[in-house]
Number of protein chains: 2
Amino acid sequence: MPKKRVSRQVEFPLNRAFTFVESGPVLLISTAYKKKTNLMTLSCHVSMGFEPTLGICLGPWNFSYTALVETGECVVAIPHAGMLEKVVDIGNCSGEVMDKFAEFNLCAQAAKDVAAPLVAECLYNLECRVVNRALASAYNFFVLQGVRAWSNPMPADTRSFHAVGDGTFIIDGETVNLRNRMTKWQECI
Amino acid sequence: MPKKRVSRQVEFPLNRAFTFVESGPVLLISTAYKKKTNLMTLSCHVSMGFEPTLGICLGPWNFSYTALVETGECVVAIPHAGMLEKVVDIGNCSGEVMDKFAEFNLCAQAAKDVAAPLVAECLYNLECRVVNRALASAYNFFVLQGVRAWSNPMPADTRSFHAVGDGTFIIDGETVNLRNRMTKWQECI
């Protein structure tokens, strides 16, 4: 019988973590509030700087919203293509009535700087703090700063995936290295 | 001799245009200011609503910044994978010293509601107006509202592509339809 794969995130250089989200993959947002962890699926986000800084959109209709607003913390996790159906299902049920880590058989690994857990099976995890809420009421937009980064040294699949918004998803295809054409390849904007 | 393909954008339902950007593709931003058009490459953006509303990050180091700030208008275009090298090169030179539409042999098709031109060869174009600048000084972040949408009925390639941020790019792979798992598939957040 094959040994069950046990995922375990290892620390990753924080100054390279802006590369986790710039391509626009579907994310899992992990929160912890009042001794209860939760997960939500999120596709609307933006890389805003190399610290890393990123922006995410989520609103009061998301059960995770209160946890994010009250704690000012979360973990941003990047799931791999082998998790696609599970991630869609996570986005179509509510943490109000279940423990999503248990329900979806995901390993909650303790983070170091925030109370929300890492999702051990994911490609990457980024511990984050909310640093700006100026557009929270008008656009449900929160600016996060990453404080600690993690990666999975042996992911079951190395591809991420993207939401079109119409119920279809695009899995990563070919990667093309064009560094030789870039005059300033570290800059995303 | 094969006839040269001539691209021409046709109008597209505005209420479905949020699907243009949610997957996080690399964009071209087209502007017009003081009778001069320009293009820039941009990968840091976010879908913020179905109107459609989107956020983009660009700063004073981009020559297009002044055009966007002064006119409050732009066109957001989604290039296809066949344009990858051209789009990278557009992002690695300045409109201050050249006419990028001419330099890169791209067809500037007149928009209807903004002065900036559509990029006819792209998959989609979205005419946009800046509607919020609250995070412009702190994060170089502008909120845009789409006012008219366009699509290319015969693109040379139907795949978009994504920037990782380290000089590599991911071309769209397989598309998976999971509408049957979605309870609210029109919602991106």
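Residues numbered from 1 in each chain as written. Chains lettered and ligands numbered in written order. Predicted model: local features only at pLDDT ≥ 70, side-chain atom pairs only at ≥ 80, totals over all residues. Heavy atoms only, no water.

(A) Examining the overall build of chain A more closely. Per the secondary structure count, chain A includes 4 helices and 12 strands. The principal-axis extent of the C-alpha atoms belonging to chain A is close to 55 × 50 × 35 Å. Partitioning the intrachain contacts of chain A with sequence separation of at least 6 by distance along the chain shows that 66% fall at a separation of at least 24. For chain A, the accessible surface area stands at approximately 7900 Å², while carbon and sulfur atoms represent 51% of it. Side-chain charges of chain A comprise 18 positive and 18 negative groups, with the mean position of each set lying 6 Å from the other. (Helix = DSSP H or I, 4+ residues; strand = E, 2+ residues; numbered from the N terminus. Contact = heavy atoms within 4.5 Å. Areas by Shrake-Rupley, 256 points an atom, 1.4 Å probe, with all protein chains shown as cover. Lys, Arg positive; Asp, Glu negative; His and termini not counted. Charge placed at Lys NZ, Arg CZ, Asp CG, Glu CD.)

(B) Up close: the relation of the copies chain B and chain A. Taken as rigid bodies, chain B and chain A are interconverted by a rotation of 180 degrees and an axial shift of 0.0 Å, the fit giving an RMSD of 0.0 Å. Between the two chains, the operation in question is that of a two-fold axis. (Least-squares fit on C-alpha atoms with pLDDT ≥ 70 in both.)

(C) Structural view of the pattern of salt bridges. If you walk through the whole model with that rule in mind, you get 16 salt bridges over all chains. Asp166(A) is the partner of Arg179(B) in a salt bridge, and the nearest nitrogen-oxygen pair spans 3.2 Å. Of this pair, Arg179(B) sits in the segment after strand S12 (168-177) while Asp166(A) sits in the loop between strand S11 (161-163) and strand S12 (168-177), each in a different chain. The closest approach of N and O atoms between Arg148(B) and Glu11(B), which form a salt bridge, is 3.0 Å. You can see Arg148(B) sitting in strand S10 (residues 141-151) and its partner Glu11(B) sitting in strand S1 (residues 10-12), a full 137 residues away along the chain. Under the relative-accessibility criterion, Arg148(B) is labelled partly exposed at 22%. Sharing partners across several salt bridges, the network here consists of Glu11(A), Lys112(A), Asp113(A) and Arg148(A). (Salt bridge = Lys/Arg side-chain N within 4 Å of Asp/Glu carboxyl O. Buried < 20%, exposed > 50% of the residue type's maximum accessible area, 1.4 Å probe, protein only.)

(D) Region of interest: the packing of aromatic side chains. Residues and elements named next belong to chain B. Taken as a whole and assessed by the stated rule, the structure comprises 13 aromatic pairs over all chains. Centroid distance Phe20 to Tyr124: 4.1 Å. Interplanar angle 20 degrees. Geometry classified as stacked. Of this pair, Phe20 sits in the loop between S1 and strand S2 (27-33) while Tyr124 sits in strand S9 (residues 124-132); the two residues are 104 residues apart in sequence, bridging distant segments of the chain. On the basis of relative accessibility, which here comes to 29%, the residue Tyr124 falls in the partly exposed class. When the centroid spacing of 6.4 Å and the interplanar angle of 75 degrees are considered together, the rings of Phe161 and Phe169 count as edge-to-face. A residue is classified by how much of its surface remains accessible, and Phe169, at 7% relative accessible area, is buried. (Phe/Tyr/Trp six-rings, centres within 6.5 Å; stacked < 30°, edge-to-face > 60°.)

(E) Here's a closer look at the interface of chain B and chain A. Facing the 55 residues of chain B at the interface are 55 residues of chain A. Both faces considered, chain B and chain A share a buried interface measuring about 5200 Å² in area, 58% of it formed by carbon and sulfur atoms. Counting across the chain B and chain A interface gives 22 residue pairs in polar contact (both at pLDDT 80 or more). Counting only elements with at least two residues in the side of chain B that touches chain A, the list comes to strand S4 (45-49), strand S5 (53-57), helix H2 (84-90), S9, S10, strand S11 (161-163) and S12 of chain B. The element that contributes the greatest number of residues to the side of chain B that touches chain A is S12(B), accounting for 10 residues. (Buried area = accessible area lost by both parts, 1.4 Å probe. Polar contact = N/O pair within 3.5 Å; in protein donor to acceptor, adjacent residues only side chain to side chain.)

(F) Layout of unusual backbone geometry. Following Glu51(A), the chain continues into Pro52(A) via a peptide bond in cis, with omega recorded as 5 degrees. Mapped onto the elements of the fold, Pro52(A) is located in the loop between strand S4 (45-49) and strand S5 (53-57). With phi around 65 degrees, Lys35(A) is a residue other than glycine that occupies positive phi space. By the element assignment, Lys35(A) lies in the loop between strand S2 (27-33) and strand S3 (36-42). By relative accessible area, Lys35(A) is classed as exposed at 91%. For Asn140(B), which is not glycine, the phi dihedral falls at a positive 55 degrees. Within the secondary structure, Asn140(B) is located in the loop between helix H4 (136-139) and S10.

(G) How the structure looks around the side chain of Ser7(B). By the element assignment, Ser7(B) lies in the segment before S1. Every residue in contact with Ser7(B), bar those within four places of it in the chain, is listed here: Ala120(B), Glu121(B) and Asn152(B).

(H) Summary view of the pairing of strand S10 (residues 141-151) of chain A. All names here are of chain A. When you tally the buried positions in S10, you get 8 out of 11 residues, the bulk of the element. The sheet contact formed by strand S1 (residues 10-12) and S10 spans 3 bridges and is antiparallel. For Val10, the partnering residue across the bridge sits in S10 and is Ser151. (Pairing = 2+ DSSP bridges.)

(I) Quick look at the sheet that holds S11(A). Spatial strand order, S11(A)-S12(A)-S12(B)-S11(B): 4 strands in an open sheet with antiparallel pairing. The sheet is open, and its two borders are formed by S11 of chain A together with S11 of chain B, each paired with just one other strand. Ignoring strand direction, the axes of neighbouring strands in this sheet form an average angle of 40 degrees. (Axes fitted to C-alpha atoms, helices over the stretch in contact; angles between N-to-C directions.)

So, to be careful, I would describe these as geometric facts and stop short of saying anything about function.
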